[in-house]
Amino acid sequence: MGTRGRILVVACAAVAGLALMSSETIHAALTGEAAIKARQGAMKSNSKDMKVIQAFVKDGKGTAADVAKSATAIAATSEKIPSLFPKGSGRGDFPDKTTRALPEIWKDMAGFEKAAATTVAEAKKLATVAKAGDKDAIAKQVATLSKNGCGACHKTYRGERVK
Ligand code: HEC
């Protein structure tokens, strides 16, 4: 739904003229906002887990077991990513300030799902490597997860942050 549609919803509600719009349309708009909040929360959780992992690799903080735990969490979170992007919840439907999800996601849902699946696979690999405890191998797999997982998806499907 574009800005015009959002204004329409507000206007409709204001005059209690909800019959002008189907209840499905209104429901979809609410679902879109909830999805945006949920996925931004999921991404924040990914980011928090990544920080735990980087702290070990870069600063020697924490343990390899912490890395394994965070990598497992990233895999679980990333498995849910595609379900948090219902149609009509990206830029073009919501203001650029509200979401950074690009229309490319819905033009190429198969590619987007693949980007999520790659992240899940690389995070699982990191959990396995971390359990073995070799710090160099961990660092190498962290770089792969970051570049081919999070980074690859963001490059194609996430827009610039706007204020
Ligand atoms: C399959 C695609 C995909 C993968 C994989 C992915 N992201 Fe994202 N990420 C996105 C998209 C799209 C957005 C924008 C969401 C929005 O604003 O609606 C985003 C937003 C974010 C944000 C900003 C959240 C906010 O508060 O606005 C952070 C931080 C982030 N991702 C971190 C990560 C990290 C770390 C990983 C890897 C562990 C990761 N992401 C994996 C697609 C992905």
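What comes next concerns the included structure. (Residues numbered from 1 in each chain as written. Predicted model: local features only at pLDDT ≥ 70, side-chain atom pairs only at ≥ 80, totals over all residues. Heavy atoms only, no water.)

Points about the coordination of the iron atom of the ligand
Reasoning step 1: Only Met 43 (SD) and His 154 (NE2) from the protein reach the iron atom of the ligand as donors, at distances of 2.1 to 2.4 Å.
Reasoning step 2: Judged by relative accessible area, which is 29%, Met 43 ranks as partly exposed.
Reasoning step 3: By relative accessible area, His 154 is classed as partly exposed at 26%. (Donors = N, O, S within 2.8 Å, 3.2 Å for Na, K, Ca; no water. Buried < 20%, exposed > 50% of the residue type's maximum accessible area, 1.4 Å probe, protein only.)

Comments concerning the pattern of salt bridges
When the charged atoms of two side chains lie near each other, side chains of opposite charge can form a pair.
Reasoning step 1: Taken as a whole and assessed by the stated rule, the structure comprises four salt bridges.
Reasoning step 2: With its nearest N and O atoms 3.6 Å apart, the salt bridge here joins Lys 124 to Glu 79. You can see Lys 124 sitting in helix α5 (residues 109-132) and its partner Glu 79 sitting in helix α3 (residues 64-79), a full 45 residues away along the chain.
Reasoning step 3: By relative accessible area, which is 46% here, Lys 124 ends up partly exposed.
Reasoning step 4: For Arg 91, the salt bridge identified is with Asp 96, shortest N-O distance 3.7 Å.
Reasoning step 5: We classify Arg 91 as buried; its relative accessible area is 12%. (Salt bridge = Lys/Arg side-chain N within 4 Å of Asp/Glu carboxyl O. Helix = DSSP H or I, 4+ residues; strand = E, 2+ residues; numbered from the N terminus.)

As for the nonpolar core
Reasoning step 1: In terms of nonpolar packing, the biggest core is built from 17 residues, with Ile 53, Val 67, Leu 126 and Ile 138 touching the most fellow members.
Reasoning step 2: Those elements that place two or more of their residues in this core are α2 (23-59), α3, α5 and α6 (135-157).
Reasoning step 3: Sort the elements by how many residues they give to this core and α3 lands first, with six residues.
Reasoning step 4: Residues Ile 81, Phe 85, Ala 101 and Ala 116 belong to the second largest nonpolar core, which totals eleven residues. (Core = buried A, V, L, I, M, F, W, Y, C linked by side-chain atoms within 4.5 Å.)

Regarding α3
Reasoning step 1: Here α3 is 16 residues long and its end C-alpha atoms lie 23 Å apart, about the 22 Å a rise of 1.5 Å per residue gives.
Reasoning step 2: Within the span of α3, buried status applies to Ala 64, Val 67, Ala 68, Ser 70, Ala 71, Ile 74, Ala 75, Thr 77 and Ser 78. (Expected span 1.5 Å × (residues − 1).)

Looking at the environment of Ala 75
Reasoning step 1: Turning to its location among the elements, Ala 75 is positioned in helix α3.
Reasoning step 2: Residue classification places Ala 75 among the buried residues on the basis of a relative accessible area of 3%.
Reasoning step 3: On a C-alpha basis, the gap between Ala 75 and Ala 127 in space is 9.1 Å, while along the polypeptide they are 52 residues apart.
Reasoning step 4: Those residues in contact with Ala 75 that sit more than four places away from it in its chain are Val 120, Ala 123 and Lys 124. (Contact = heavy atoms within 4.5 Å.)

With respect to the site of the ligand
Reasoning step 1: With respect to spatial proximity, 22 residues lie near the ligand, and among them Met 43, Thr 99, Cys 150, Cys 153 and His 154 are the closest.
Reasoning step 2: In this structure, Arg 39 approaches the ligand through a side-chain N or O atom, which is 2.8 Å from an oxygen atom.
Reasoning step 3: Side-chain polar atom of Gln 40 to an oxygen atom of the ligand: 2.9 Å apart, as the coordinates give it.
Reasoning step 4: Of all the secondary structure elements, the ones that give two or more residues to the shell around the ligand are α2, α5 and α6.
Reasoning step 5: At six residues, α2 tops the list of elements feeding residues into the shell around the ligand.
Reasoning step 6: Of the residues contributing to the shell around the ligand, the split by class is twelve nonpolar, six polar and four charged. (Near = heavy atom within 4 Å. Polar contact = N/O pair within 3.5 Å; in protein donor to acceptor, adjacent residues only side chain to side chain. Nonpolar A, V, L, I, M, F, W, Y, C, P; charged D, E, K, R; others polar.)

Let's talk about the packing of aromatic side chains
Reasoning step 1: Applying the stated rule across the entire model yields three aromatic pairs.
Reasoning step 2: Arranged with centres 4.8 Å apart and planes meeting at 70°, the rings of Phe 85 and Phe 112 form a pair that is edge-to-face. Taken together, the residues span a long stretch of sequence, with Phe 85 in the loop between α3 and α4 (104-107) and Phe 112 in helix α5 at a distance of 27 residues. Of the two residues, Phe 85 and Phe 112, neither departs from the other in class, the shared state being buried.
Reasoning step 3: Residues Phe 112 and Tyr 157 carry aromatic rings whose centres are separated by 5.2 Å and whose planes lie at 80° to one another, so their mutual orientation is edge-to-face. In this pair, Phe 112 sits in helix α5 while Tyr 157 sits in helix α6, placing the two residues 45 residues apart along the sequence. (Phe/Tyr/Trp six-rings, centres within 6.5 Å; stacked < 30°, edge-to-face > 60°.)

All quantities given are derived from atomic positions and should not be read as evidence of function.
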